[in-house]
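Overview (structure and organization)
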Amino acid sequence: MPVTIRAVLDPAAQARADAVLAELEGKLARPAAGLKLVGEALLREQNRRFQSQPDPDGRPWQALAPLTVESRGGAKGPILRRSGQLMRSGAYQVSGATLRIGLNTIYAAVQQFGATITPKKARRLMIPMPGGRVVGAARVTIPARPIVGFGAKDEEAARGAIEDWLAVVTGR
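Quick notes on the rules
Residues numbered from 1 in each chain as written. Predicted model: local features only at pLDDT ≥ 70, side-chain atom pairs only at ≥ 80, totals over all residues. Heavy atoms only, no water. Helix = DSSP H or I, 4+ residues; strand = E, 2+ residues; numbered from the N terminus. Rg over C-alpha atoms; globule rule 2.2 N^0.38 Å. Buried < 20%, exposed > 50% of the residue type's maximum accessible area, 1.4 Å probe, protein only. Core = buried A, V, L, I, M, F, W, Y, C linked by side-chain atoms within 4.5 Å. Contact = heavy atoms within 4.5 Å. Expected span 1.5 Å × (residues − 1). Polar contact = N/O pair within 3.5 Å; in protein donor to acceptor, adjacent residues only side chain to side chain. Axes fitted to C-alpha atoms, helices over the stretch in contact; angles between N-to-C directions. Parallel < 35°, antiparallel > 145°, perpendicular 65-115°, else oblique. Left-handed = near helix turned anticlockwise from the far one by under 90°. Nonpolar A, V, L, I, M, F, W, Y, C, P; charged D, E, K, R; others polar. Salt bridge = Lys/Arg side-chain N within 4 Å of Asp/Glu carboxyl O. Phe/Tyr/Trp six-rings, centres within 6.5 Å; stacked < 30°, edge-to-face > 60°.

**Considering the overall build of the protein**
Looking only at helices and strands, the protein features 6 helices and 6 strands. Taken from N to C terminus, the helices and strands of the protein fall in the order α-α-α-α-β-β-α-β-β-β-β-α. Its C-alpha atoms give the protein a radius of gyration of 25 Å, more than 25% over the compact-globule value 16 Å for 172 residues. Dimensions along the principal axes, computed over C-alpha positions, put the protein at roughly 85 × 30 × 30 Å. A buried classification covers 28% of the 172 residues belonging to the protein.

This is the structure we're talking about:
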């Protein structure tokens, strides 16, 4: 059942309320500052995924393949953090009322969505191994290990950032 509440203000109170609402409307019409806070919060969540290694929905990333572990001299982890470049490439961009967030490396899409890599000119891919050994493979399949997304933890972080922004905008 809908509820209607009606307030009747004296002219001076109405004028003050109108001024406050107009000021708030003006601030909310320019959301860039709020979106920057959301972008920072989402980048922190994205970087946490590199530490704990789940996808945005909380499912663990697939473990490294035995050949990958062997190529690393037996090291099983960390996944997607060997050099740290992918994690450091996280970025966001605010344009008007739009926030874009992602990873800024040429190979990020392969890690995010997975891929099967086949040789272009040779019959086999040559994979360097410890001790100078080389292993040939007709193809290598890299499983998807989603980093960028909007799961429950991202939603919570975004809500917190928006609440912080609204507190600043409203002076509370």
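Don't stop here, the text continues.
**Looking at the nonpolar core**
Within the largest apolar cluster, 10 residues are counted, these being Phe-50, Trp-61, Leu-64, Val-69, Ile-79, Leu-80, Leu-86, Leu-103, Ala-108 and Ile-147. Once residues within four sequence positions are removed from consideration, Leu-86 is found in contact with Phe-50, Leu-80, Leu-103, Thr-105, Tyr-107, Ala-108, Gln-111 and Ile-147. Counting 6 residues, the second largest nonpolar core, distinct from the first, contains Val-38, Ala-41, Ala-157 and Ala-161.

**Examining helix 1 (residues 11-28)**
For helix 1, with 18 residues, the first-to-last C-alpha span of 25 Å sits near the 26 Å given by 1.5 Å per residue. The N-capping residue of helix 1, defined by a side-chain oxygen 3.0 Å from the backbone nitrogen of Ala-12, is Asp-10.

**Some remarks on unusual backbone geometry**
Leaving glycine out, the prevailing phi sign among residues is negative, and the prevailing peptide bond configuration is trans. Of note in this structure, Gln-53 is not a glycine but carries a positive phi near 65°. Counting through the fold element by element, Gln-53 comes out in the loop between helix 2 (32-52) and helix 3 (66-71). Of the residues examined, Gln-53 reaches a relative accessible area of 18% and is grouped as buried.

**Re the packing of helix 1 against helix 6 (residues 152-170)**
At a minimum axis distance of 10 Å, the contact between helix 1 and helix 6 shows a crossing angle of 140°. The orientation of helix 1 relative to helix 6 falls into the category oblique. Between helix 1 and helix 6 the crossing geometry is right-handed. When helix 1 is examined against helix 6, the residues Leu-24, Lys-27 and Leu-28 are found in contact with a partner set consisting of Trp-165, Leu-166, Val-169 and Thr-170. For the contact of helix 1 with helix 6, the per-class residue count stands at 5 nonpolar, 1 polar and 1 charged.

**Regarding the pattern of salt bridges**
The tally for this structure, following the rule as stated, stands at 6 salt bridges. Ionic pairing is found between Arg-59 and Asp-55, a salt bridge with its closest N-O pair at 3.1 Å. You can call Asp-55 buried: its relative accessible area is 8%. A salt bridge links Arg-159 to Glu-155, with the shortest nitrogen-to-oxygen separation between them at 2.8 Å. Of the two residues, Arg-159 and Glu-155 are both situated in helix 6; the distance of 4 residues between them amounts to about one turn of the helix. Among the ionic contacts, a cluster of salt bridges with common partners joins Asp-55, Asp-57 and Arg-59.

**Comments concerning the packing of aromatic side chains**
Enumeration over the complete set of coordinates arrives at 1 aromatic pair. Look at Phe-50 and Trp-61: their rings are 6.2 Å apart centre to centre, the planes differ by 80°, and that puts the pair in the edge-to-face class. Of this pair, Phe-50 sits in helix 2 while Trp-61 sits in the loop between helix 2 and helix 3, and the two are 11 residues apart along the sequence. The burial state of Phe-50 is the same as that of Trp-61; both residues are buried.

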